[in-house]
Amino acid sequence: MFRLFKHYVPYPVLLLAVFDFIILFCSAEIAWVIRAHQIGMAVGSLFDRLPPLISFAIALQLAMIAVGVYGVDSFLSLRFAAARLLVAICLGVIFLSVTYFMIPGKTLWRSNSLYAMVIAFASLVVVRALLGKMLGSEAFKRRVLVLGAGQRANRLNKLGEAKGAAFTVVGNVDMGDVTSVIPTAVPRQFIHNLVEYVARMGANEVVLALEERRKAIPMEDLLRVRTAGIHVNEISTFLERETGRVDLRSTNPSWLIFSDGFSSGRRLSSFAKRVFDIVASGVLLLVCLPLILFTAILVKLDSRGPAFYRQSRVGLYGQEFAIIKLRSMRTDAEKAGQAVWAEANDPRITRVGRVIRRIRVDELPQLWTVLRGGMSFVGPRPERPSFVAELTQKMPYYAERHMVKPGITGWAQINYPYGANLDDARHKLEYDLYYAKNYTPFLDVVILLQTFRVVLFPSGAR
């Protein structure tokens, strides 16, 4: 995997993205030439039209990222990829058309854009038909040898067998720390030279996945493997990289303390984030005010009670603050006064509430909270105090998610459905810890773009 601003990008995705940018640029150029010949205009130098060509490629590629064109499903299904590409290209061209009226000359003409989007769509689909299987083949997967034959090692084996996995497990070495649960594991005492064995298996990475680490870490083996030029990783670091979350079942306090991340050198990026929050929330509040008011009227007409409601949530450093949302449940949703998890097809949700929750319109009033500084656009979703008290008792490291400011959208929101029970909360905590540990402005941009996918293709909203 390629590490970009602390965030890992699989090589097949990076390679495909480079191909896509070239295709988009060339599609815009071909469209320009075709249209120029149609109206009898001189084509001129390529450098004279670089701004509109580049803006076309960048806008459409950002739209492709936003709708999930580079997700695992797009590599597994050409039909899925084509559908997402069509949506992305339409969104990108609409954005460019609006931009053309605001900044004339910096984007393609509308006639150019029509030709360019048709050429781009056909070319992108053909490239995926030709390269899709190859990019997802074993040739692009890292070959991993696992030191361990217990339940942790078995988890890695199953993860490597999953569709879309970026690695494959080529073998397991039974280190004798626990009873083996992997029949094919080779006992360490049967291997004369571990470095030679790693080379013979064609592995380019070794992962330590022991169940019992005290006095069981094979330091001599790991040292020889590492000095032979083979990458060595511990299971927690490996899973963080492969899954985009901090795996609670393999993580220990020392790993969180001594591993890379949780950087305090964020003063400049935090300042930039706050400036963005103020500007973006202010602009969006003005733009979305008619929609908020219209939805509030619908809420009032649909059920008895106020259109808006305030709710106490836990934010930065565990401090409580109030958020404002459009009401999507009946006023008697919590008769006993105690917080209750939302459920699939929750009967407490009103007819209008079901719609606005799916498209996230009920979250829009929180822009005011962002403007005031209680929240950010991106961060862990703030929970209610009663839930926080319960989850802190039942879940390790839950308090650590409050070391960053909560947000309207976040890494957990774009990667996992709405949390409605303890198990969901644990999975979302793993994503929240990853965000807190690996925060960069680049990751915020990725999350904001991917939020469009969640809104356009609702999944798990309750």
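Since the model is a prediction, treat every value here as computed from it, not as a measurement. (Residues numbered from 1 in each chain as written. Predicted model: local features only at pLDDT ≥ 70, side-chain atom pairs only at ≥ 80, totals over all residues. Heavy atoms only, no water.)

1. Structural notes on the nonpolar core
Generally speaking, soluble globular proteins have nonpolar side chains that are buried together.
So, point 1. In terms of nonpolar packing, the biggest core is built from 47 residues, with Met395, Trp411, Tyr435 and Ile447 touching the most fellow members.
So, point 2. With seven residues, the single largest contributor to this core is helix α16 (residues 422-438).
So, point 3. Setting aside residues up to four positions removed in sequence, Trp411 forms contacts with His7, Gly244, Tyr431, Tyr434, Tyr435, Leu443, Val446 and Ile447.
So, point 4. Core analysis: the second largest hydrophobic core is formed by 35 residues, Ile23, Trp32, Phe56 and Ala88 among them. (Core = buried A, V, L, I, M, F, W, Y, C linked by side-chain atoms within 4.5 Å. Buried < 20%, exposed > 50% of the residue type's maximum accessible area, 1.4 Å probe, protein only. Helix = DSSP H or I, 4+ residues; strand = E, 2+ residues; numbered from the N terminus. Contact = heavy atoms within 4.5 Å.)

2. Quick word on the packing of α16 against helix α17 (residues 441-456)
Each packed pair of helices is defined by two parameters, the angle between the axes and the distance between the axes.
So, point 1. Relative orientation of the contacting elements α16 and α17 amounts to 140 degrees, with a least axis distance of 9 Å. With respect to their mutual orientation, α16 and α17 come out oblique. Facing Tyr434, Tyr435 and Asn438 of α16, the residues of α17 in contact are Leu443, Asp444 and Ile447.
So, point 2. Taken together, the residues of the contact of α16 with α17 break down into four nonpolar, one polar and one charged. (Axes fitted to C-alpha atoms, helices over the stretch in contact; angles between N-to-C directions. Parallel < 35°, antiparallel > 145°, perpendicular 65-115°, else oblique. Nonpolar A, V, L, I, M, F, W, Y, C, P; charged D, E, K, R; others polar.)

3. Some words on the pattern of salt bridges
So, point 1. With the rule as written, the count across this model stands at 21 salt bridges.
So, point 2. A salt bridge links Arg128 to Asp20, with the shortest nitrogen-to-oxygen separation between them at 2.6 Å. Here Asp20 lies in helix α1 (residues 11-38) and Arg128 lies in helix α5 (residues 110-135), a separation of 108 residues in the sequence. The burial state of Arg128 is the same as that of Asp20; both residues are buried.
So, point 3. One salt-bridge network, held together by shared partners, links Arg155, Arg245, Asp247, Asp423, Arg426 and Glu430. (Salt bridge = Lys/Arg side-chain N within 4 Å of Asp/Glu carboxyl O.)

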